[in-house]
Amino acid sequence: MSDANRVPRHAAIIMDGNGRWARKRGLPRTVGHQRGGDRIHPVALACARKGIEYLTLYAFSTENWNRPPSEVAALLHLLSTKMESVARACLRDNIRLTLVGSIDGLSLESQQKVKAAIDMTAGNNGLTLCIAFDYGTRREIARAAERLASQGAVPAAIDEEQVSANLYTSGMPDVDLLIRCGGEIRLSNFLMWQAAYAELYFTEVLWPDFGDGDVDEALVEYARRNRRFGALPDGASS
Ligand code: IPE
Ligand code: IPE
Ligand code: MG
């Protein structure tokens, strides 16, 4: 049922378009990534104020390792430094910072920084801001299968709940609204299990330009959608 006040419990954003944002200004792509990183806390705060409980942001995909080594190095460095400053801002705003994916590809020093940032906000109970880093659904599902097998799961007893419980996102609700900025109309291996019934929203706005007004627009569109989950619309059964 559509309802103008309905807000997603879990929103997710593919933060795309940093490179094009920089290119348009004659700047290096890495400047686009820095500006993109600066949008993380303001957008999280805007979502928290709207009553969203979980926000998952796609920061680095399992496929992004295919980029030139210099860009990969810049993105890895940006993550560890940005997590620290985002955590400080989140601490003040009662936002809990978490991560899905893997930080194994980071240096030990960077891993420590990321862990410290996550620990800093562990006591908060407002919006959960989840950064998807070195994340890809295909690897996530393969990993869940491996985990179930190594736990000695009984094949006939493996159900959707057990698979969910072994994903990186275990304990989080399904994605209700999935936003992609930057104009591409694809999911790029992001939360494909969790967003099986999400409302999809695509915008041309490049991530470094994504602001409170863009959050509002996506939420207005979300509230207009009629979510049926395979059932019939209200009043259509006769
Ligand atoms: C998104 O911006 C950030 C990452 C994928 C890490 P892009 O770097 O993909 O920017 P475009 O798509 O080239 O503009
Ligand atoms: C998706 O963007 C990954 C992130 C935003 C982190 P990409 O720019 O890497 O995706 P493709 O290559 O357009 O599918
Ligand atoms: Mg891109």
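Each value, and the rule that gives it
Residues numbered from 1 in each chain as written. Chains lettered and ligands numbered in written order. Predicted model: local features only at pLDDT ≥ 70, side-chain atom pairs only at ≥ 80, totals over all residues. Heavy atoms only, no water. Axes fitted to C-alpha atoms, helices over the stretch in contact; angles between N-to-C directions. Helix = DSSP H or I, 4+ residues; strand = E, 2+ residues; numbered from the N terminus. Parallel < 35°, antiparallel > 145°, perpendicular 65-115°, else oblique. Left-handed = near helix turned anticlockwise from the far one by under 90°. Contact = heavy atoms within 4.5 Å. Nonpolar A, V, L, I, M, F, W, Y, C, P; charged D, E, K, R; others polar. Near = heavy atom within 4 Å. Polar contact = N/O pair within 3.5 Å; in protein donor to acceptor, adjacent residues only side chain to side chain. Areas by Shrake-Rupley, 256 points an atom, 1.4 Å probe, with all protein chains shown as cover. Pairing = 2+ DSSP bridges. Buried < 20%, exposed > 50% of the residue type's maximum accessible area, 1.4 Å probe, protein only. Salt bridge = Lys/Arg side-chain N within 4 Å of Asp/Glu carboxyl O. Core = buried A, V, L, I, M, F, W, Y, C linked by side-chain atoms within 4.5 Å. Phe/Tyr/Trp six-rings, centres within 6.5 Å; stacked < 30°, edge-to-face > 60°. Lys NZ or Arg CZ within 6 Å of the ring centre and 35° of its normal.

### Concerning the packing of helix α2 (residues 29–38) against helix α4 (residues 69–92)
Two numbers describe how α2 lies on α4: the axes approach to 10 Å, and their chain directions differ by 25 degrees. Classified by the angle between their axes, α2 and α4 sit roughly parallel to one another. Here the hand of the crossing between α2 and α4 comes out right-handed. Here Arg29, Thr30, His33, Gln34, Gly37 and Asp38 of α2 lie close against α4, whose contacting residues are Glu71, Ala74, Leu75, Leu78 and Lys82. By residue class, the composition of the contact of α2 with α4 is three nonpolar, four polar and four charged.

### A look at the site of ligand 1
Residues in contact with ligand 1, as listed here, are Met15, Asp16, Gly17, Asn18, Gly19, Arg20, Arg29, His33, Ala59, Asn64, Arg67 and Leu75. Between Asn18 and ligand 1, the recorded distance is 3.2 Å, taken from a backbone N or O atom to an oxygen atom. In this structure, Arg67 approaches ligand 1 through a side-chain N or O atom, which is 2.7 Å from an oxygen atom. Protein burial of ligand 1: of its 380 Å² of free accessible surface, 86% is covered by the chains. Elements with a minimum of two residues in the shell around ligand 1: α1 (18–24) and α2. Sorting elements by how many residues they give to the shell around ligand 1 places α1 first, with three residues. By residue class, the composition of the shell around ligand 1 is three nonpolar, five polar and four charged.

### Thoughts on the sheet that holds strand β3 (residues 96–101)
Within a sheet, neighbouring strands are paired by backbone hydrogen bonds and run either parallel or antiparallel to one another. Ordered by their spatial adjacency, six strands build an open sheet running β3-β4-β2-β1-β5-β6, and the pairing between neighbours is parallel. In this open sheet, the two edge strands, each paired with only one partner strand, are β3 and β6 (199–202). Neighbour-to-neighbour, the strand axes of this sheet turn through a mean angle of 20 degrees, independent of strand direction. Note: strand β1 (residues 10–14) against strand β2 (residues 54–61), five bridges, orientation parallel. The partner of Ile14 across the bridge, within β2, is Tyr58. The strands touched by helix α3 (residues 40–50) within the sheet are β1, β2 and β4 (128–135), with β2 carrying the most contacts at an inclination of about 155 degrees.

### What to know about unusual backbone geometry
A positive phi angle, near 50 degrees, is found at Ser188, a position not held by glycine. Looking at the secondary structure, you find Ser188 in the loop between β5 (177–180) and β6. Using a relative accessible area of 29% as the deciding quantity, one classes Ser188 as partly exposed.

### So, the pairing of β2
With seven of eight residues buried, β2 lies mostly within the body of the structure. In this structure, β2 lies alongside β4, joined through seven bridges in parallel fashion. Within β4, the position partnered with Tyr54 by the bridge is Thr128.

### A few points about the pattern of salt bridges
All told, the structure shown has 16 salt bridges when counted by the stated rule. In this structure, Arg67 engages Glu71 in a salt bridge whose closest nitrogen and oxygen atoms are separated by 2.8 Å. A salt bridge links Arg225 to Glu221; the shortest N-O distance between them is 2.7 Å. Residue classification places Glu221 among the partly exposed residues on the basis of a relative accessible area of 23%.

### Digging into the nonpolar core
Counting 41 residues, the largest nonpolar core has Ile13, Leu55 and Leu129 as its most contacted members. Sorting the residues of this core by element identifies β1, α3, β2, α4, α5 (108–120), β4, β5 and α8 (212–224) as the ones contributing at least two each. In contact with Leu55, other than residues within four places in its own chain, are His10, Ala11, Ile13, Val43, Ala44, Cys47, Leu127, Thr128, Leu129 and Cys130. Counting 16 residues, the second-largest nonpolar core is a separate cluster that includes Ala12, Cys130, Tyr135 and Ala195.

### Let's talk about the pairing of β6
Covered by surrounding structure in β6 are Glu199 and Tyr201 only, the residues Leu200 and Phe202 on the alternate face being uncovered. In terms of strand pairing, β5 meets β6 through four bridges, oriented parallel. Looking across to β6, one finds that Ile179 is bridged to Tyr201.

### Here's the deal with the packing of aromatic side chains
Per the stated rule, a full pass over the model turns up eight aromatic pairs. For the ring pair Tyr135 and Phe190, a centre distance of 6.1 Å and an interplane angle of 90 degrees mean the geometry is edge-to-face. Taken together, the residues Tyr135 in strand β4 and Phe190 in the loop between β5 and β6 connect sequence positions 55 residues apart. The class of Tyr135 is buried, set by a relative accessible area of 0%. The class for Phe190 is buried, based on a relative accessible area of 0%. One aromatic cluster is present, built from ring pairs that chain together Tyr58, Tyr135, Tyr168 and Phe190. Directly above the aromatic system of Tyr222 lies the positively charged group of Arg6, at a separation of 5.0 Å from the ring centroid.

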